[in-house]
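What follows is the residue order along each chain.
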Amino acid sequence: MDIATFLIQCLNAVQYGLLLFLVASGLTLIFGIMGVINLAHGSFYMIGAYMAYALAPWVNTYLGGGFFTTLLVGIVLSVLLGYVLEWVFFSYLYEREHLQQVLMTYGLILVFEELRSILVGNDVHGVQPPDWLAGSIPLGDLMTYPVYRLFISGVCIAIAVAMWALITRTRLGMKIRAGASNREMARAMGVNIRLLYRIVFAIGVALAALAGMIAAPVSSVYPNMGAGVLIVCFVVVVIGGIGSIKGALVAALLVGLVDTFGKVLFPAFAGISVYLLMALMLLWKPEGLFKAG
């Protein structure tokens with residue numbers, strides 16, 4: 001493997017890991033803070049990808065077009081979707097057994113897939129990146145790297161910094177950390193736990209949907225695309241530590257490196273490399289790399 005190929009694979013690994021972080025950070029917030037096993041989280045990634053495909057013509061017609069306008073409209077819609085879902089469905093699950101949580105969230109997967117089939121169909125769709133992000137930068141004499149992939153990494157890094165600032169430097173972040181540490185004590189101190197959970201869930205849905213929207217030009221848009229992402233995101237959450245944003249970032253980058261270089265160096269064992277990493281982590285540190293916060 002020459003230097004240019006190694007550099008490209010490193011960039012691919014980081015980009016994939018950061019995209020995983022964007023999805024897994026919402027999952028670890030919901031799982032770690034609210035205590036809900038949300039199997040439907042991958043569906044929010046799928047919904048985001050389909051919004052990137054379906055909203056673009058509407059935005060072009062009524063709002064004058066623009067890639068960032070499409071992202072903004074999609075984020076607003078996903079926040080509203082998350083708020084309504086928590087209010088209508090998830091607010092009844094906090095005191096229920098995990099089996100009931102699994103059954104209801106699995107039912108939501110079926111509902112979302114059927115709605116997707118009715119509204120958009122079952123075809124595979126492509127989403128074009130904006131023209132100013134459609135080029136490539138040279139790496140060596142023969143290889144190039146897409147600018148849009150670098151854009152994805154930049155967006156994910158910006159979101160990671162924003163989430164760190166939100167959790168550690170704001171009053172809302174203080175309430176989130178208090179709710180994750182001791183729900184009853186936070187309620188006794190005057191924190192509106194119901195409203196806090198709706199905000200957290202809406203943020204989690206928006207993060208997953210945003211990941212789907214920015215990933216759509218790279219991965220295409222197709223039915224049941226959230227299933228594979230969900231499984232890997234649970235691996236990230238387990239490795240990083242349930243409820244830990246920092247852990248989700250470190251674990252996602254580790255998974256990205258192991259998966260990418262596993263496919264290059266050991267293609268016959270690439271399918272199990274990520275799960276082997278999770279097994280080793282469970283043996284070494286069952287609680288994950290970091291604690292919640």
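Keep in mind the model is a prediction, meaning the values are calculated, not measured.

Let's hear about a nonpolar patch on the surface: which residues, and what values?
The grouping of V264, L265, F266, F269 and I272 at the surface amounts to a nonpolar patch, some 510 Å² of accessible area in total. With respect to the helices, strands and loops of the structure, F269 is situated in the loop between α10 (245–265) and α11 (270–284). Under the relative-accessibility criterion, F269 is labelled exposed at 55%.

Describe the packing of aromatic side chains, listing the residues and the values that go with them.
Using the criterion set out here, one finds twelve aromatic pairs in the structure. Measuring from ring centre to ring centre gives 6.1 Å for F44 and F201, while their planes differ by 85°; the resulting arrangement is edge-to-face. One end of the pair, F44, is in helix α2 (residues 41–62); the other, F201, is in helix α8 (residues 193–219), with 157 residues separating them in the sequence. With relative accessibility at 0%, the residue F44 sits in the buried group.

Describe the side chain of S43, and please don't skip the residues or the numbers.
Mapped onto the fold, S43 is located in helix α2. We classify S43 as buried; its relative accessible area is 5%. Beyond its immediate chain neighbours, meaning those up to four positions away, S43 contacts I109 and F112.

Could you give an account of the packing of helix α9 (residues 226–240) against α11, naming the residues involved and the relevant values?
The geometry of α9 relative to α11 is characterised by a closest axis approach of 10 Å and an angle of 25° between their N-to-C directions. In terms of their interaxial angle, α9 and α11 are classed as roughly parallel. The two elements α9 and α11 cross, and the hand of that crossing is left-handed. Residues I231, V235, V238 and I239 of α9 form the contact with α11, whose participating residues are V274, Y275, L277, M278, M281 and L282. Each residue belonging to the contact of α9 with α11 can be placed in one class, and the counts come to ten nonpolar, no polar and no charged.

Describe the environment of P223, listing the residues and the values that go with them.
Mapped onto the secondary structure, P223 falls in the loop between α8 and α9. For P223, a relative accessible area of 25% translates into the label partly exposed. Each C-alpha atom of the pair P223 and T28 lies 24 Å from the other, and the pair is 195 residues apart in sequence. When neighbours within four sequence positions are excluded, P223 is seen to be in contact with Y50, E113, R116, N122 and D123.

Account for α10, naming residues and giving values.
Between its terminal C-alpha atoms α10 stretches 30 Å, which fits the 30 Å expected from 21 residues at 1.5 Å a residue. Where α10 is concerned, the buried positions are I245, G247, A248, A251, A252, V255, G256, D259, T260, F261 and G262. Taken together, the buried residues of α10 touch α1 (3–34), α5 (147–169), α9 and α11. For α10, the N-terminal capping position is held by S244, with its side-chain oxygen 2.8 Å away from the main-chain nitrogen of G247.

Let's hear about the nonpolar core: which residues, and what values?
I214, I239 and V255 are the most contacted members of the largest nonpolar core, which has 85 residues in total. Sorting elements by how many residues they give to this core places α8 first, with 15 residues. Excluding its chain neighbours within four sequence positions, the residues that come into contact with I239 are A251, V255, L277, M278, M281, G288 and L289.

Can you tell me about α11, naming the residues and giving the values?
The terminal C-alpha atoms of α11, which comprises 15 residues, lie 22 Å apart, in line with the 21 Å expected from a rise of 1.5 Å per residue. Within the sequence span of α11, burial applies to A270, S273, V274, L277, M278 and M281. For α11, the arc enclosing every buried residue in end-on projection is 130°, short of the 170-degree limit, so these residues lie on one face. Residues of α11 that are exposed and angled more than 90 degrees away from the buried face: G271, I272 and L283. Residues of α11 that are buried in the fold lie against α9 and α10.

Rules used throughout
Residues numbered from 1 in each chain as written. Predicted model: local features only at pLDDT ≥ 70, side-chain atom pairs only at ≥ 80, totals over all residues. Heavy atoms only, no water. Patch = residues over 30% accessible without salt bridge, like charges linked within 9 Å, V, L, I, M, F, W, Y side chains within 5 Å. Areas by Shrake-Rupley, 256 points an atom, 1.4 Å probe, with all protein chains shown as cover. Salt bridge = Lys/Arg side-chain N within 4 Å of Asp/Glu carboxyl O. Helix = DSSP H or I, 4+ residues; strand = E, 2+ residues; numbered from the N terminus. Buried < 20%, exposed > 50% of the residue type's maximum accessible area, 1.4 Å probe, protein only. Phe/Tyr/Trp six-rings, centres within 6.5 Å; stacked < 30°, edge-to-face > 60°. Contact = heavy atoms within 4.5 Å. Axes fitted to C-alpha atoms, helices over the stretch in contact; angles between N-to-C directions. Parallel < 35°, antiparallel > 145°, perpendicular 65-115°, else oblique. Left-handed = near helix turned anticlockwise from the far one by under 90°. Nonpolar A, V, L, I, M, F, W, Y, C, P; charged D, E, K, R; others polar. Expected span 1.5 Å × (residues − 1). Polar contact = N/O pair within 3.5 Å; in protein donor to acceptor, adjacent residues only side chain to side chain. Core = buried A, V, L, I, M, F, W, Y, C linked by side-chain atoms within 4.5 Å. Arc of directions from axis to C-beta.

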